[in-house]
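Working through the structure, step by step
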Amino acid sequence: MDDKIAEYLTHAVELAVRNVDAQGGPFGAIVVAADGRVFEGTNRVTANNDPTAHAEVVAIRRACQELGTFNLDGASLYSSCEPCPLCLSAALWSRLDRVYFAADRHDAARAGFDDAAFYDYIMGRGQEALMPVSQITVPTSQEPFRSWEQLDAKTEY
């Protein structure tokens, strides 16, 4: 393993441990931009009453804000734990090049953070009762896309 990878993962783990003392969840993450700048994030779900404030998402948000872009091409994410489906989706949407993690989902489950039902749901193996999702079309369903297609000054992503 590359020494830099180990250094960044150790940093993410240290953030997670410190975050527990700050009434946050036991998760920490950093985004390392292509230029080497480091952006930290810790789990603030319960502290902020925000179910999306996972460490990885917080680090991605911080990197995007400070870099002034929504595209983190060339950057990598280092997390104290395997990203859950939410965090993995955020990593994909932000166009990160790579994700590294220390502990895995099974370690998290043993500590009471079991996302197995979410992984199964997304993979189509879960119970629809977890959260039914239904498409109901209305006459204006396609209007936002028509407006987007006609917009000359759009920012593609």
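These figures come from a predicted structure and were not determined experimentally.

For the rest of this paragraph, the subject is the UniProt feature "domain: CMP/dCMP-type deaminase" (unreviewed entry) in the protein chain. According to UniProt, the positions carrying the feature "domain: CMP/dCMP-type deaminase" (unreviewed entry) are residues 3–116. Secondary structure across residues 3–116 divides into 46% helix and 19% strand, with the first and last C-alpha atoms of the span separated by 31 Å.

This part takes up unusual backbone geometry. Leaving glycine aside, a negative phi is the common case for residues, and trans is the common case for peptide bonds. Of note in the backbone geometry, Gln23 takes a positive phi value of approximately 65° without being a glycine. Position of Gln23 relative to the elements: it lies in the loop between helix H1 (3–21) and strand E1 (28–32). The backbone of Asn49 sits at a positive phi, close to 50°, despite the residue not being glycine. For Asn49, the location among the structural elements is in the loop between helix H2 (45–48) and helix H3 (55–67).

Turning next to a nonpolar patch on the surface. A cluster of nonpolar side chains, Phe70, Trp93, Trp148, Leu151 and Tyr157, forms an exposed patch at the surface whose accessible area comes to about 620 Å². In this structure, Phe70 sits in the loop between H3 and strand E3 (76–81).

In terms of nonpolar packing, the biggest core is built from 21 residues, with Val31, Ile60, Leu72, Leu77 and Leu96 touching the most fellow members. Elements with a contribution of two residues or more to this core: E1, H3, E3 and helix H4 (85–93). Sort the elements by how many residues they give to this core and H3 lands first, with six residues. Aside from chain neighbours lying at most four places away, what touches Leu77 is Ala29, Ile30, Val31, Glu56, Ala91, Leu96, Arg98, Val99 and Tyr100. Among the nonpolar cores identified, the runner-up in size contains eight residues, and Leu9, Leu15, Ile30 and Val32 belong to it.

Within a beta sheet, neighbouring strands are joined by backbone hydrogen bonds and run either parallel or antiparallel to one another. Strand order in this open sheet of four strands is E2-E1-E3-E4, and the pairing throughout is mixed. Only two strands of the sheet have a single neighbouring strand rather than two, namely strand E2 (38–42) and strand E4 (98–103). Going across the sheet, the axis of each strand differs from the next one's by a mean of 15°, ignoring polarity. Sheet analysis places E1 next to E3, joined by four bridges and oriented antiparallel. Bridge assignment links Val31 to a residue of E3, and that residue is Leu77.

Any two side chains of opposite charge can pair, on the condition that their charged atoms come close. Counted under the stated rule, the structure contains six salt bridges. Between Asp107 and Arg110 there is a salt bridge, with its nearest N and O atoms 2.4 Å apart. With Asp107 and Arg110 both in helix H5 (residues 105–110) and three residues apart, this pair spans about one turn of that helix.

Attention now goes to H3. The end-to-end C-alpha separation of H3 is 18 Å, in line with the 18 Å expected for 13 residues at 1.5 Å each. The inward-facing, buried residues of H3 contact E1, E2, E3 and H4. Following H3 by one or two positions, Gly68 has its phi on the positive side, about 70°.

Right, let's talk about the packing of H3 against H4 for a bit. One way to put it is that H3 packs onto H4 with a least axis distance of 8 Å and a crossing angle of 20°. With respect to each other, H3 and H4 are oriented roughly parallel. Seen from above, H3 lies across H4 with left-handed handedness. In contact with Glu56, Val57 and Ile60 of H3, H4 contributes Leu86, Cys87, Ala90 and Ala91.

Criteria and cut-off values
- Residues numbered from 1 in each chain as written.
- Predicted model: local features only at pLDDT ≥ 70, side-chain atom pairs only at ≥ 80, totals over all residues.
- Heavy atoms only, no water.
- UniProt positions renumbered as here; feature names shortened; annotations may be inferred.
- Helix = DSSP H or I, 4+ residues; strand = E, 2+ residues; numbered from the N terminus.
- Patch = residues over 30% accessible without salt bridge, like charges linked within 9 Å, V, L, I, M, F, W, Y side chains within 5 Å.
- Areas by Shrake-Rupley, 256 points an atom, 1.4 Å probe, with all protein chains shown as cover.
- Salt bridge = Lys/Arg side-chain N within 4 Å of Asp/Glu carboxyl O.
- Core = buried A, V, L, I, M, F, W, Y, C linked by side-chain atoms within 4.5 Å.
- Buried < 20%, exposed > 50% of the residue type's maximum accessible area, 1.4 Å probe, protein only.
- Contact = heavy atoms within 4.5 Å.
- Pairing = 2+ DSSP bridges.
- Axes fitted to C-alpha atoms, helices over the stretch in contact; angles between N-to-C directions.
- Expected span 1.5 Å × (residues − 1).
- Parallel < 35°, antiparallel > 145°, perpendicular 65-115°, else oblique.
- Left-handed = near helix turned anticlockwise from the far one by under 90°.

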